[in-house]
Amino acid sequence: MIRRAEPHHEVACPPDKSITHRLLVLAGMACGKSSILSPLVSGDTRATIRCLEKLGVRFDLQGDRLEVESPGVARWNRDPGILDCGNSGTTARLLIGVLSSVPGMKATIAGDESLSRRPMRRVLQALPADAGVRIESPSGDTGADRLPLVIYGAKLSPFHATSKVGSAQVKSALTLAGLGCDGETTITLPAGSRNHTEILCVRLGLPVSAERYGALETITVRGPGEVQPFALRVPGDPSSAMFLAAAGLLAGVRCMIPGICANPLRTAALDVLEQASIQIQRTPVRADDLSEPAENWIVPAWLDGSKPLTRSRAWGAEEIPAAWVPAIIDEVPVLATILAFAQGPSMFRGLGELRVKESDRLAGIVRLLNAAGCAALAEGDDLIIPGGLKAKAIPDFSFDPEGDHRLAMCAMVLEQVAQKTCNISDRGCVEVSFPDFERVLLSIASKSGKK
Ligand code: S3P
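Computed from a predicted model, the values in this text were never measured in an experiment.

Side note on the overall build of the chain
Looking only at helices and strands, the chain has 13 helices and 22 strands in total. Relative to a compact globule of 451 residues, whose C-alpha radius of gyration would be 22 Å, the chain shows 22 Å and is just as compact. Seen along its three principal axes, the alpha-carbon backbone of the chain occupies a region of about 60 × 50 × 40 Å. Going through the 451 residues of the chain one by one, you find that 59% of them count as buried. Across the chain, every contact between residues at least 6 apart in sequence was considered, and the portion connecting residues at least 24 apart equals 77%. Within the structure as shown, the chain displays about 17,200 Å² of accessible surface, and the carbon and sulfur contribution to it stands at 51%. Charge centroids of the chain, computed over 49 positive and 50 negative side chains, lie 3 Å from each other.

Quick look at the nonpolar core
The biggest cluster of nonpolar side chains holds 79 residues, and the ones touching the most others in it are Ile257, Phe348, Leu383, Phe397 and Phe437. Not counting the four nearest positions on each side in its chain, Phe437 is found in contact with Phe243, Leu244, Met409, Met412, Val413 and Val430. Counting residues in hydrophobic clusters, the runner-up holds 67 residues, among them Ala173, Val208, Val221 and Val227.

Quick look at the pairing of strand β10 (residues 183–190)
Here strand β9 (residues 160–162) pairs with β10 via three bridges, running parallel. Bridge assignment links Thr162 to a residue of β10, and that residue is Thr188. Traced from β9 through helix α5 (residues 168–178) to β10, the parallel crossover comes out right-handed.

A closer look at the site of the ligand
The environment of the ligand is made up of Ser18, Arg22, Thr90, Ser167, Ala168, Gln169, Arg194, Ile329, Asp330 and Lys357. With respect to the ligand, the side chain of Arg22 contributes an N or O atom lying 2.6 Å from an oxygen atom. The backbone of Ala168 places a nitrogen or oxygen atom 2.7 Å from an oxygen atom of the ligand. For the ligand, the accessible surface in isolation is 390 Å², of which the surrounding protein chains cover 96%. Elements with a minimum of two residues in the shell around the ligand: α1 (17–29) and α5. Its residues assigned to classes, the shell around the ligand comprises two nonpolar, four polar and four charged.

Details of the packing of aromatic side chains
Taken as a whole, this structure holds two aromatic pairs when the rule is applied. Here the aromatic rings of Phe243 and Phe437 are separated by 6.1 Å at their centres, their planes lie at 80 degrees, and the arrangement is edge-to-face. Residue Phe243 is located in helix α7 (residues 238–251), and its partner Phe437 is located in helix α13 (residues 437–445); the two are separated by 194 residues in the primary sequence. Comparing Phe243 with Phe437 shows no difference in burial state: the two are buried. Here the aromatic residues Phe243, Phe434 and Phe437 are joined through ring pairs into a cluster of three or more. Here the guanidinium or amino end of Arg134 rests over the ring plane of Tyr152, the centre of that ring lying 3.9 Å away.

A word on the sheet that holds strand β18 (residues 346–348)
Strand order in this open sheet of four strands is β17-β18-β20-β19, and the pairing throughout is mixed. Each of the sheet's edge strands pairs with one partner strand only, and the pair in question is β17 (318–320) and β19 (377–379). Averaged over all adjacent pairs, the angle separating strand axes in this sheet is 20 degrees, with direction ignored. Bridging between β19 and strand β20 (residues 382–385) involves three bridges; their strand directions are antiparallel.

Here's the deal with the pattern of salt bridges
Throughout the structure, instances matching the rule amount to 31 salt bridges. The salt bridge involving Glu415 is made with Arg427; its shortest N-O contact spans 2.8 Å. You can see Glu415 sitting in helix α12 (residues 405–418) and its partner Arg427 sitting in the loop between β22 (423–424) and α13, a full 12 residues away along the chain. Exposure remark for Glu415: the relative accessible area of 7% places this residue in the buried category. Arg427 gets classed as partly exposed once you look at its relative accessible area, which sits at 21%. In this structure, a network of salt bridges that share partners links the residues Arg118, Arg194, Asp330, Glu358, Arg361, Asp404 and Arg406.

Quick notes on α12
An α-helical turn contains 3.6 residues, so any two residues separated by three or four positions project in the same direction. Taking 1.5 Å per residue, 14 residues should reach 20 Å; α12 reaches 20 Å between its end C-alpha atoms and fits that length. Among the 14 residues of α12, 14 are classified as buried, and the element is accordingly described as predominantly covered. Here α12 starts with a cap whose side-chain oxygen sits 3.0 Å from the backbone nitrogen of Arg406, and that cap is Asp404. One or two positions beyond α12, positive phi appears at Gln419, with a value near 55 degrees.

A look at the confidence of the model for the chain
For the chain, the mean per-residue pLDDT works out to 93, and 95% of the residues sit at or above 70. Low pLDDT, under 50, characterises residues 304–314; the predicted model gives this stretch 19 contacts beyond four residues in sequence or across chains.

A short note on the sheet that holds strand β3 (residues 58–62)
As summarised here, the arrangement of the four strands in space is β3-β4-β2-β13, forming an open sheet in which the pairing is mixed. Because the sheet does not close on itself, it has two edges, and the strands there are β3 and β13 (231–233). Geometrically, the sheet is characterised by an average inter-axis angle of 20 degrees between neighbouring strands, direction not taken into account.

Considering the environment of Trp324
Mapped onto the elements, Trp324 comes out in the loop between β17 and α9 (325–328). What makes Trp324 partly exposed here is its relative accessible area of 28%. Each C-alpha atom, one on Trp324 and one on Val272, is 9.3 Å from the other, the two residues being 52 residues apart in sequence. Other than its neighbours up to four places away in sequence, Trp324 contacts Ala268, Asp271, Val272 and Gln275.

Rules of the game
- As a convention, each chain's residues are numbered from 1 in the sequence order in which they are written.
- A pLDDT threshold of at least 70 governs which residues receive local features in this predicted model, and a stricter bar of 80 or more applies before side-chain atom pairs are shown or counted, although totals over entire chains, interfaces and linings include all residues.
- With hydrogens and water excluded, all non-hydrogen atoms of the structure serve as input to the side-chain values.
- Each helix corresponds to a stretch of at least 4 residues labelled H or I by DSSP, and each strand to a stretch of at least 2 residues labelled E; elements are numbered beginning at the N terminus.
- It is over C-alpha atoms that the radius of gyration is taken, and the globule rule equals 2.2 Å times the number of residues to the power 0.38.
- Note on classification: 1.4 Å probe, protein chains only; a residue is buried when its accessible area is under 20% of the maximum for its type, exposed when over 50%, partly exposed between these limits.
- Whether two residues are in contact is decided by their heavy atoms: any pair within 4.5 Å suffices.
- With residues, only the protein chains shown are counted as cover, and all accessible areas are computed by Shrake-Rupley using a 1.4 Å probe.
- For the purpose of counting charges, residues Lys and Arg are taken to be positive, whereas Asp and Glu are taken to be negative. His and the chain ends are not included.
- Here the site of a charge means atom NZ of a Lys, CZ of an Arg, CG of an Asp or CD of a Glu.
- Side-chain atoms within 4.5 Å are what join buried Ala, Val, Leu, Ile, Met, Phe, Trp, Tyr and Cys residues into a set we call a nonpolar core.
- Whether two strands pair depends on DSSP finding at least two bridges between them.
- A right-handed crossover is one whose linking path, passing over the helix from the first strand to the second, runs clockwise when the strands point away from the viewer.
- Nearness is judged by heavy atoms alone; a residue qualifies as near a molecule or strand once a single heavy atom is within 4 Å of it.
- For the purposes of these results, a polar contact is taken to be a pair of N or O atoms within 3.5 Å, where, inside protein, one atom must be able to donate a hydrogen and its partner to accept one; residues adjacent in sequence count only when each atom of the pair is a side-chain atom.
- We call Asp, Glu, Lys and Arg charged. Ala, Val, Leu, Ile, Met, Phe, Trp, Tyr, Cys and Pro are nonpolar, and the rest, Gly among them, are polar.
- Between 30 and 60 degrees the pair is tilted, below 30 it is stacked and above 60 it is edge-to-face, where a pair is any two Phe, Tyr or Trp rings, Trp via its six-membered ring, whose centres lie within 6.5 Å.
- Here, a charge over a ring means that NZ of Lys or CZ of Arg falls within 6 Å of the ring centre while also lying within 35 degrees of the ring normal.
- To get an axis, fit a line to the C-alpha atoms, keeping to the stretch in contact for a helix; angles then go from 0 to 180 degrees between the N-to-C directions.
- By convention in these notes, a salt bridge is any Lys or Arg side-chain nitrogen within 4 Å of a carboxyl oxygen on Asp or Glu.
- Helix span, expected: 1.5 Å multiplied by one less than the number of residues in the helix.
- The predictor reports its confidence for every residue as pLDDT, a score running from 0 up to 100.

Right, dumping it as structure tokens:
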């Protein structure tokens with residue numbers, strides 16, 4: 001019997017933010033012309049472009065192709081002044097790493113109010129004191145941890161760094177710094193954070209390898225490593241796709257989201273959904289110029305828990321252990337939003353890192369879910385979501401995302417599901433990762449049978 005495929009609504013997802021940042025920095029480090037195909041053009045990635053321009057890198061966007069021309073890291077402007085990273089933690093941390101290993105560099109890394117509250121020293125804290133780098137506040141405070149910070153680059157000695165934080169930004173910054181050293185550098189940290197830098201380095205023939213030992217991973221860089229120009233395409237961003245998946249699931253609209261990065265360290269949120277019996281169908285996409293494999297997602301329609309997809313499991317994702325957190329770090333707010341509608345409780349353990357994101361995201365998600373009528377609570381660094389929320393029970397709510405794009409998108413999804421106009425301030429902050437979010441969300445809502 002031939003089964004006809006069920007109709008679905010196709011929604012475009014923006015290109016991956018983490019990969020775009022890395023390709024921008026790597027193209028800036030290479031001497032010559034590189035091309036980045038379908039890069040994310042958003043507030044955050046524009047911040048990386050602006051900073052690299054001050055270092056002497058030129059960019060030209062032609063359709064969805066970004067041409068990059070650089071004199072190479074060895075010929076970067078050594079006195080670029082203030083590098084304004086805006087709201088982008090990835091820009092700030094990657095640049096701290098790269099610039100620290102450029103001899104003679106003196107650059108001030110700055111950011112907006114939110115970024116200036118976030119810890120920065122974690123990048124260089126992991127370095128041994130004798131590695132050779134100096135970082136201090138503009139007033140000369142050598143213990144400062146917040147932006148603005150002045151980086152004095154040096155020819156670093158190879159180092160063995162250990163970080164207690166399972167952070168891809170820290171790992172990537174130190175890996176890029178290691179490329180400037182002559183000899184073997186190692187970076188050891190809790191395993192499980194995204195590994196785009198390692199993948200790209202290997203793909204570009206750079207001397208970087210990664211190994212996992214139980215709960216820890218070690219990156220080895222056999223420097224020096226000189227980046228050569230390249231042409232690579234950016235796949236779709238799984239973290240942004242999760243908001244579209246949430247909108248489709250909760251509005252009861254079956255959606256197809258094409259070309260999403262299939263890196264398992266970015267799609268672990270789908271494993272959490274699977275624990276809650278929500279299956280997203282995934283089919284691989286082939287393209288040789290993709291920086292990493294990609295896949296299409298088909299998101300089922302799930303009307304606020306009233307249509308279980310399978311009957312075999314209890315609803316609710318039950319308990320998500322702390323070891324999963326590095327791989328779902330950006331998806332916890334949207335997962336919590338979805339799981340608020342599950343028929344059972346869910347608990348995320350060990351979310352301390354969420355407190356130092358664009359806002360205190362753990363407090364923010366509790367505030368949002370409470371405003372929407374779900375009695376979620378944080379106990380220490382754990383998040384408990386009782387489940388059982390119904391779209392019809394969501395009151396008119398007010399919410400201030402405090403400039404945090406991911407919290408704003410969660411609030412906008414809830415507003416769509418409730419079919420209300422809520423008082424969400426600063427909706428424009430979604431521009432840092434998903435400039436077109438409101439329009440795409442409305443296109444999903446317009447297909448909802450409930451409309
Ligand atoms: C990112 C890593 C994560 C993530 C951030 C992007 C990256 O931060 O939250 O949005 O591109 O490396 P941490 O690595 O600090 O957890």
